Number of protein chains: 2
Amino acid sequence: MKRIIIDMDEVIADPMGEMIEWYKKEYGAEPDKTKMIGSWVIGFPEEHREMIMERLRSPGFFRHLPVMEDSVDVLRELNKQYEVFIVSAAMEFPNSLKDKYDWLMDHFPFFTWKQIALTGSKDLVFGDYMIDDHVKNLKGFKGKPYLFTSPHNLTVTGYDRINNWKEAADIFLKHPISGSRE
Amino acid sequence: MKRIIIDMDEVIADPMGEMIEWYKKEYGAEPDKTKMIGSWVIGFPEEHREMIMERLRSPGFFRHLPVMEDSVDVLRELNKQYEVFIVSAAMEFPNSLKDKYDWLMDHFPFFTWKQIALTGSKDLVFGDYMIDDHVKNLKGFKGKPYLFTSPHNLTVTGYDRINNWKEAADIFLKHPISGSRE
């Protein structure tokens, strides 16, 4: 069984979307997505970035994130046909660790705790495929890397892209997903 | 630089020792170490094992564990001569995640968060050497495995053993540790 390593933030969880919604309510304004190259945080005005980082570091933030569209249906099927590991480079945000575990168990209950890893670096893990939105995670990977498209990585070249979970299904699933395909 | 993957519990942290001390105070008795084959929990009387498991699962337990003898001095040196990762299969105890991070940063401040991984399974990680007290973690490892001796694994055969951190220094360090060698 082939092994797929799947990232969390900006891939199956949507911290950027959550932050944008919160920012709209607080300030009645939206960040500039065209300025997010490298990091979505820099799409927000400079004077608010430290506050954005504080929210990211605070307990609870990663507990209540939106789920990326179609990710639940596609990962449920992937989990039948592949050895799936959810690997998040979460150690920079230690308050997120339990939140990420709880969020995964809530939204992806077909995974067991054995399939989750919260790391500092992804240089440590190996597999056949990796789906991630960050080059820093993909570049040392020995298997086949896929860049999951996000505003912050739109200018990156040199990687095959997955733009959404319907595309991932087309790449990885032998049998289409019942009920959720167009 | 060669990569060493080092476990936490029963290798650099001592949850069994902590539990035995607590049990002595509560019950004025000691567990039977000769009965710990497979798991140290079964060295405690059967009627107390569920309580032992509850303590393991509760927030805070892994925050205040004793440090295994000589592990700080030896790991400080290993960290200069190797790429060291601390990998704990902690996901079974989600309340331990932040505790383990905080404990490591307290006692091993020379590590960065990039060197820590809290996983469900260790099948996911690769390196040149792994030091672990559990065969389930060592058996799929592609590098050279070392079994760190603990009461629960005394009957295991087929692995090179490390009985304490002074032995680990003899195996891995080119230069002896200043001030802490006999």
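Scoring rules and cut-offs
- Residues numbered from 1 in each chain as written.
- Chains lettered and ligands numbered in written order.
- Predicted model: local features only at pLDDT ≥ 70, side-chain atom pairs only at ≥ 80, totals over all residues.
- Heavy atoms only, no water.
- Least-squares fit on C-alpha atoms with pLDDT ≥ 70 in both.
- Contact = heavy atoms within 4.5 Å.
- Buried area = accessible area lost by both parts, 1.4 Å probe.
- Salt bridge = Lys/Arg side-chain N within 4 Å of Asp/Glu carboxyl O.
- Polar contact = N/O pair within 3.5 Å; in protein donor to acceptor, adjacent residues only side chain to side chain.
- Helix = DSSP H or I, 4+ residues; strand = E, 2+ residues; numbered from the N terminus.
- Nonpolar A, V, L, I, M, F, W, Y, C, P; charged D, E, K, R; others polar.
- Domains from an automatic or database assignment.

## Notes on the relation of the copies chain B and chain A
Mapping chain B onto chain A leaves a residual RMSD of 0.0 Å; the transformation is a rotation of 180 degrees accompanied by 0.0 Å of translation along its axis. The relationship between the two copies is best expressed as a two-fold rotation axis. Residue Val125 of chain B, judged by its C-alpha, is the member of chain B lying nearest the rotation axis, at 2.2 Å.

## A few points about the interface of chain B and chain A
Facing 24 residues of chain B, the contacting portion of chain A comprises 24 residues. Contact between chain B and chain A buries roughly 2200 Å² in total, counting both sides, with carbon and sulfur atoms accounting for 73%. The three residues of chain B that bury the most area against chain A are Met91, Trp113 and Leu124 of chain B, which together make up 29% of that side's buried surface. At the junction of chain B and chain A, the tally comes to zero salt bridges. Taken together, chain B and chain A are joined by nine residue pairs in polar contact (both at pLDDT 80 or more). Only β1 (3-6), β2 (83-88), α4 (96-107) and β3 (116-119) of chain B provide two or more residues apiece to the side of chain B that touches chain A. The leading source of residues in the side of chain B that touches chain A is β3 of chain B, at four residues. Looking at the side of chain B that touches chain A residue by residue, the classes come out as 14 nonpolar, four polar and six charged.

## Quick look at the domain arrangement of chain A
All names here are of chain A. Assigned domains of chain A: these are domain 1 (3-13 + 65-172) and domain 2 (15-63). Facing the 17 residues of domain 1 at the interface are 18 residues of domain 2. Taking both sides of the interface into account, the surface hidden between domain 1 and domain 2 amounts to around 1600 Å²; carbon and sulfur atoms contribute 64%. Summed over the three residues of domain 1 that lose the most area to domain 2, namely Leu65, Phe93 and Pro151, the buried surface amounts to 35% of that side. The interface formed by domain 1 and domain 2 holds one salt bridge in total.

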